[in-house]
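For reference, the chains in residue letters:
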Amino acid sequence: MTAAIRIGIMGDFEPTYHSHFATNAALYDAAAKLKVPLEVRWLPTPSLEAPAAEKTLRRWDGLSASPGSPYKSFIVDAARIEFARTRDWPFVGT
């Protein structure tokens, strides 16, 4: 069996935002079409302020910035994009 593709969504999941459910649905629909297993996890922005944030980001095969705002922490916004750009890490921003 193929290992699951692991996608970390950097943002604060808000159940009332349709776009957050749509993000999950789009990822799972793509995985189903490609017939690959997928693991998706939302990474709350306060958790990305911690000293271990880089270690957390490295656990994922690809990263996505969540749609919508406000975020609980804007401090990590530039840092998470910099992480992806300087390491050639797969990243999608919406």
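Residues numbered from 1 in each chain as written. Predicted model: local features only at pLDDT ≥ 70, side-chain atom pairs only at ≥ 80, totals over all residues. Heavy atoms only, no water.

S.K.: What exactly am I supposed to notice about the overall build of the protein chain here?
M.R.: Regarding its fold elements, the protein chain presents three helices and four strands. When the helices and strands of the protein chain are placed in sequence order, the string is β-α-β-α-β-α-β. Across the 94 residues that make up the protein chain, the buried fraction comes to 34%. Here the contacts in the protein chain between residues at least 6 apart in sequence split such that 74% fall between residues at least 24 apart. Carbon together with sulfur atoms contributes 60% to the accessible area of the protein chain, which is approximately 5900 Å² in total. (Helix = DSSP H or I, 4+ residues; strand = E, 2+ residues; numbered from the N terminus. Buried < 20%, exposed > 50% of the residue type's maximum accessible area, 1.4 Å probe, protein only. Contact = heavy atoms within 4.5 Å. Areas by Shrake-Rupley, 256 points an atom, 1.4 Å probe, with all protein chains shown as cover.)

S.K.: Looking at this structure, how should I read the pairing of strand β2 (residues 38–43)?
M.R.: Regular strands show a simple pattern: their side chains alternate between the two faces of the sheet. Bridging between strand β1 (residues 5–10) and β2 involves six bridges; their strand directions are parallel. Its bridge partner lying in β2, Ile5 is registered against Leu38. Taking the sense of rotation as the criterion, the β-α-β connection linking β1, helix α1 (residues 18–34) and β2 turns out right-handed. (Pairing = 2+ DSSP bridges. Right-handed = clockwise from strand over helix to strand, strands pointing away.)

S.K.: Help me understand the side chain of Asp12 in this model?
M.R.: With respect to the element layout, Asp12 can be found in the loop between β1 and α1. For Asp12, a relative accessible area of 11% puts it in the buried group. A polar contact of 2.8 Å, which involves the side chain of Asp12, links it to the side chain of Thr45. (Polar contact = N/O pair within 3.5 Å; in protein donor to acceptor, adjacent residues only side chain to side chain.)

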